[in-house]
Every structure is written in structure tokens, then in C-alpha cells.
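Chain and residue survey
Each chain, written out:
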Amino acid sequence: MNILVINCGSSSLKFQLIDSGTEKWIAKGLCERIGIEGSRITYTPAEGEKEETVTPMPDHTEAIRLVLEALTNEKTGVVKSLSEINAVGHRIVHGGEKFASSTVIDDEVMKAIEACNDLAPLHNPANLIGIRSCRELMDQTPMVAVFDTAFHQTMPAKAYMYGLPYEYYEKYKVRKYGFHGTSHSYVSKRAAEFLGEKYEDMKIIVCHLGNGASVSAVQNGKCIDTSMGLTPLEGLIMGTRSGDIDPAIMEFLAHKEGLGIDEVMNILNKKSGVYGLSGNVSSDFRDLEKAAGEGNEKAKLTLDAFDYRVAKYIGAYVAAMNGVDAICFTAGVGENGSTTRERVCAYLGYLGIELDKEANAKRGEDVVISTQDSKTKVLVIPTNEELAIARETSALLKA
Ligand code: AMP
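What comes next concerns the included structure. (Residues numbered from 1 in each chain as written. Predicted model: local features only at pLDDT ≥ 70, side-chain atom pairs only at ≥ 80, totals over all residues. Heavy atoms only, no water.)

What follows is about the site of the ligand. Every residue near the ligand is listed here: G210, N211, D284, F285, R286, A331, G332, V333, N336, G337 and R363. A distance of 3.4 Å is found between an oxygen atom of the ligand and a side-chain nitrogen or oxygen belonging to D284. One of the backbone N or O atoms of V333 is found 3.4 Å from an oxygen atom in the ligand. With the chains in place, 71% of the 500 Å² that the ligand exposes on its own is no longer accessible. Breaking the shell around the ligand down by element, the ones donating at least two residues are α10 (285-293) and α12 (331-336). With four residues, the top contributor of residues to the shell around the ligand is α12. In terms of residue class, the shell around the ligand is built from three nonpolar, five polar and three charged. (Near = heavy atom within 4 Å. Polar contact = N/O pair within 3.5 Å; in protein donor to acceptor, adjacent residues only side chain to side chain. Areas by Shrake-Rupley, 256 points an atom, 1.4 Å probe, with all protein chains shown as cover. Helix = DSSP H or I, 4+ residues; strand = E, 2+ residues; numbered from the N terminus. Nonpolar A, V, L, I, M, F, W, Y, C, P; charged D, E, K, R; others polar.)

Take D148: it is sitting in the loop between β8 (143-147) and α4 (157-160). A distance of 3.5 Å separates a polar side-chain atom of D148 from the backbone nitrogen of H180. Contacts of D148, omitting those with residues within four sequence positions, involve R91, I92, V93, G178, F179, H180, G181 and T182. (Contact = heavy atoms within 4.5 Å.)

This brings us to the sheet that holds strand β9 (residues 203-209). What the six strands build is an open sheet, ordered β11-β10-β9-β12-β14-β13; its pairing is mixed. Two strands close off the open sheet at either side, each with one partner strand: β11 (222-226) and β13 (367-368). Here strand β10 (residues 213-219) runs beside β11; their pairing, made up of four bridges, is antiparallel. Within the sheet, the bridge partner assigned to V218 lies in β11 and is C223. Against the sheet, helix α11 (residues 297-321) contacts β9, β10, β11 and β12 (326-330), and its axis sits at roughly 160° relative to β9. (Pairing = 2+ DSSP bridges. Axes fitted to C-alpha atoms, helices over the stretch in contact; angles between N-to-C directions.)

Structure (C-alpha cells):
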């Protein structure tokens, strides 16, 4: 089955065509600046050169039309016609409490996704536009929605409820949802498989450390807690997001700086995190490591604060599960940042963790980075959200 995986943002669209039999990608690419001047599409066939075309994309339908044209192009395309694209898997950010698993898209599902728009006002409307555009251009092709929140729906109420008046949960469904679910699910399953253990018997902590970052606790194959919340702002210190702060800081800053709530939120989402804390050195860990190496004190403090927060969440989840068998690192920093992994694991001596320096230096593969004697296993598992979406799509349509 050839599955087109679509990840639609407000002005961008990532795509990957995956053969669900071999689980290899056939072509992939990105549309950027949709609806803005200077839009461009990059397209890479697995057996060809990457090409970039600057062309107007006034809306997402035009972007998807260009994607389909690239995939079926006589010279550089990878399929002869659209009929060779058997299904589309859409990444949807927020499924609220309604979606605890992926689902085949129909009109009812579209309405239910729309009902979650309030919970993810920047993401869900863009995801819906992606679905509508695909339906317009491929009306016979089955489509599946795969939710970032679904994997976390197994959390117990004691983990997802905030200490707020209960009526806000009843009226508005204010609670913890968690994100990056596709990645947490993929990585935790793969870790069990890689270790040759039964997923249902394990206690696993997944640290998804990218520009957005979250930690989750997976016990007996089910997520029991995760660090992101109602929105992706809660939890770890991220690229530009603050993560956990005293909520009173919002009012304090609003008064001191004469800001409105939207401006404060903008600071917490876009100007904080490692970017803000480092005094605007960068949101990219490579730049931070370099600056810290050159003696920049704020960059050093930022890395310390980031590592410390990750280690604290790991500790909290060890407590929540009364133990841990495996800790996994994934995403941009988790997969590539060997020094970050080393510093985080330095806090975990109480778990009997010892790192294997040689294994920790490896890149781009599933690897156990703890020594054979280490009581708790530590792994790097490169995440593959597109493949996870393709798997979900194919499994649902075969069922
Ligand atoms: P992601 O959001 O998963 O794509 O991760 C992106 C982030 O990964 C970038 O902003 C970098 O901070 C980080 N990253 C990528 N490569 C490296 C590397 N070699 N060392 C440390 N961090 C890296």
C-alpha cells in the first residue's frame, strides 16, 4: 500500500509517500510559505535528486495539488497516477477526549476534529484545511486521522486533572492532554522490541527532546503521564517555550511590562525556553553547546537548567511507576545530543545507570547506550512519526 502522510501547519505542509509493505519512504518534501509571498516546494524522490521550486501557493489546496503533481510527474515522479496512492494519513494535533485512537475520516470525524479547534487554535484548523484540500483533489482515496494526543488518553484522572475548579473541566474540558503521542508510542514500542522484552510488561520513560520537548511514562504499554498539558506549553524548557512556570508570573509580567494576555502568551511560546533564557543566543542546541564551550555563562546556565528539568521529570515518572526498566531518548536533541544525554544521565546514578561512552557516540540507529551492568537500560531510538502514521493508516484500512 502506498500511503501519503500529510502534516499540515498554518503556512507549511510536510509530506512523505511511504510503502507500507517495505516501510520505506518513496518520496518526501515540504511546502513552505503557503499563502505568503515567496512560497516554495522541495521534493525528494528516494532514488533521485532533491529539487526546490519557487512557485505561488495561495492556499493549501494549491500546495497539495503541487505535491500530487510532483509525485506523478512524468520525469521525476514516483507513481504513474493518483490511483497508486492508496490512502492518506493526516497528522492531527488535538483530538481532545473524543479520540483515543486513530480513525478513518468521514464527515462526522471532521466535525469532531473541528470541535477540538478551541484546544489547539493554531494547529487543528490548519490540519482540517489539509484534509479538505486532499478530499477535494482525491475524493475516492480513504483518509485516516492520527492524533498527537491519542496515545496519552490512557492517563488516569489523577494525572490529567489540574488543581482548578472542577467546573472548568466540565464546561471546557480543561485538563492535561499531552502531545508528541505518535512519537512516544512509536519509540516506547520500538524500545521493547529492540530489547526483546514484552511491551506490556515494561516501565518505560520516553524523552522526546526536540525543538518542542516532552517526557512520558509508559507502563504496561499504556501512557500513564506526560509532561505537556492542555497545550504544548507545559513541562520541559523547550526551544522557545517556557515549560513549567509559576502561573502568577503571567500577571506579574503583564503589570510590570504593561502587556496584554496575548503578548504574555507570545513571550511564553515564542521568546522563552532555551532561546530566552540564554539571552537570545539561539533556540538550537548546537549553537548553545558552541556558545557554552566558548565560555558564554548564560548558555551554560541554559543547558544546565534544561538537563535538570529533564532529570526531574524522569525522577517524577520513576516515582509514578514505582520503577523504570528503560529510558529512551529521541528527536533532534535526544538523538544527536550525546552531551545532553550524558549530562541528564549523570543525575540518574540512583537508578544504577552507567553510560557506555562508545555507544553514546553513535548516530542514526537504535542503540542501547548504557553498559551491560547498568541496572536500568538507556536507549537512543530515532523517532519516525511519518512511519508511525503510515502504520496506523494501513492497519485501520486493512481492518
Ligand atoms: P526536532 O524538533 O526534533 O527536529 O529537533 C530540532 C532540534 O534538534 C534543533 O533545534 C537542535 O537544537 C537539535 N539538534 C539537531 N542536531 C543536533 C546536534 N548534532 N547536537 C545537538 N542538538 C541537535
